[in-house]
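# Breakdown of the fold
What follows is each chain in one-letter form.
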Amino acid sequence: MPKIRFEQIEKYYGSVRVLPPLDLELDDGEFTVLVGPSGCGKSTTLRIVAGLEELSGGEIYFDDKPISGLESKERDLAMVFQDYALYPHMNIAKNMSFALRLNRTPKAEIDEKVNRVAEMLNIGQLLDRKPAELSGGQRQRVAMGRALVRDASTFLFDEPLSNLDAKLRGKMRTELAEMRDNLDKNMIYVTHDQIEAMTLGDRIVVMSEGIIQQQGTPEQLFKEPVNRFVAGFIGSPTMNFLDAEISETGKGVTASGDGFSLLLDGPLAQRLKSHSSKKVALGIRPSSFSDDVSVGPTMDLRLIVSEYLGAQSTLVTRCGSEEVLVEHNSSIPPRAGATMTFALRTDEVMAFDTETGIRI
């Protein structure tokens, strides 16, 4: 498998630059997820790797070999598209074997590869059917199977689960994770869904406006985001941000804002000492609130809506004029309009520069 390196790649459509110069290295056998909001450049990056878009500048290397001059079929890639892209007049077996038949692969080898991959994806019983006779999830398995039978060095996935319903999307995530563990291949996966990214990625690359904001393991991005964008994008429910002014008194470092005043401690308090009398954005994950008021400073929050999810609820509350999400484990739904007191685990609270968005 090649080591993939992007060196100052960029893309223009006319005079509009959609991908500023970008550098990135992908290790052998790594499942890399490109994630970000719509229009961030992730799909464009994937299509450039696939040879479906031409570079405007820079180069992509496979094991130090430049590939921008190669046709798509010469790059040893297989791609799974968002819309399945199956041939409606062919049965599933012929859809899966199409590329092999074009390459005049012997029939016995084609049959062996199609049957092996179909069994792995649990679609062996569907090989004689046409795509119109299949469900969305089955069609997506066929699209993945068509890529897998090629036995390419690198697999590209362009938001393959976005057309599926929530339940089926969860099931397919599990199957993709299992496939990732069983195949020693390079995989580059594009999605706007951070849950997919966190579930599947060995490494996640977070993009915004064509720029890589941060890359790392799911745990690194969740626990150590470098800026407000990454902190707000990674994690579900999303992080709360509250504007606060920092002050230092004899009691310690305090963060005060609309409807709250928090006495901070630990490493965050030490970092914020240099920001006394300045404003910051506090980042508080919904999971950082506790019913046990002894664990840290408290906040009084007024309940707007309780989203009951079974074992857990997500509370939509208000602190001053700001909306705050809270993960709550109580089986008794609280009453809308009630004021609830929660403690904060201050070792999980983050602070961000209000101007640059950089984490303090």
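Not measured: the values here are computed from a predicted model.

### Describing the layout of surface pockets
Within this model, the largest pocket holds a volume of roughly 670 Å³. Lining the largest pocket are 22 residues, and of these Leu77, Ala78, Met79, Ala99 and Arg150 sit closest to its centre. Mapped onto the lining of the largest pocket, the elements with two or more residues apiece are β6 (77-80), α2 (92-102) and α4 (136-148). In terms of residue count, the dominant contributor to the lining of the largest pocket is α2 (four residues). Grouping the amino acids of the lining of the largest pocket by side-chain chemistry returns 16 nonpolar, two polar and four charged. Here the second largest pocket defines a volume of roughly 290 Å³. As for the second largest pocket, its lining consists of 17 residues, and the residues nearest its centre are Lys223, Asp347, Glu348, Val349 and Met350. When residues of the lining of the second largest pocket are traced back to their parent elements, those giving at least two are α7 (218-223) and α9 (266-272). In terms of residue count, α9 provides more of the lining of the second largest pocket than any other element does, four residues in total.

### Examining the sheet that holds strand β2 (residues 16-26)
The strand order across the open sheet built from four strands is β2-β1-β4-β5, with neighbouring strands paired in antiparallel fashion. The open sheet has two edge strands with one neighbour each: β2 and β5 (65-66). Here seven bridges tie strand β1 (residues 4-13) to β2, and the two strands are oriented antiparallel to one another. The partner of Tyr13 across the bridge, within β2, is Val16. With respect to the sheet, helix α1 (residues 42-50) is in contact with β1, β2 and β4 (57-62), its orientation differing from that of β1 by roughly 115°.

### Observations regarding the domain arrangement of the protein
Partitioning the protein into domains gives domain 1 (4-233) and domain 2 (240-353). Listed by partner, the interface residues are eight residues for domain 1 and five residues for domain 2. Together domain 1 and domain 2 conceal approximately 610 Å² of surface at their shared face, both sides included; 66% is due to carbon and sulfur atoms. Seen at the junction of domain 1 and domain 2, the total is one residue pair in polar contact (both at pLDDT 80 or more).

Conventions adopted
Residues numbered from 1 in each chain as written. Predicted model: local features only at pLDDT ≥ 70, side-chain atom pairs only at ≥ 80, totals over all residues. Heavy atoms only, no water. 1 Å grid on protein atoms, 1.4 Å probe; cavity = no way out; pocket = protein on both sides within 12 Å on 5 of 7 lines; lining within 4 Å. Points joined across faces, edges and corners; volume = space filled by probe spheres on them. Helix = DSSP H or I, 4+ residues; strand = E, 2+ residues; numbered from the N terminus. Nonpolar A, V, L, I, M, F, W, Y, C, P; charged D, E, K, R; others polar. Pairing = 2+ DSSP bridges. Contact = heavy atoms within 4.5 Å. Axes fitted to C-alpha atoms, helices over the stretch in contact; angles between N-to-C directions. Domains from an automatic or database assignment. Buried area = accessible area lost by both parts, 1.4 Å probe. Polar contact = N/O pair within 3.5 Å; in protein donor to acceptor, adjacent residues only side chain to side chain.

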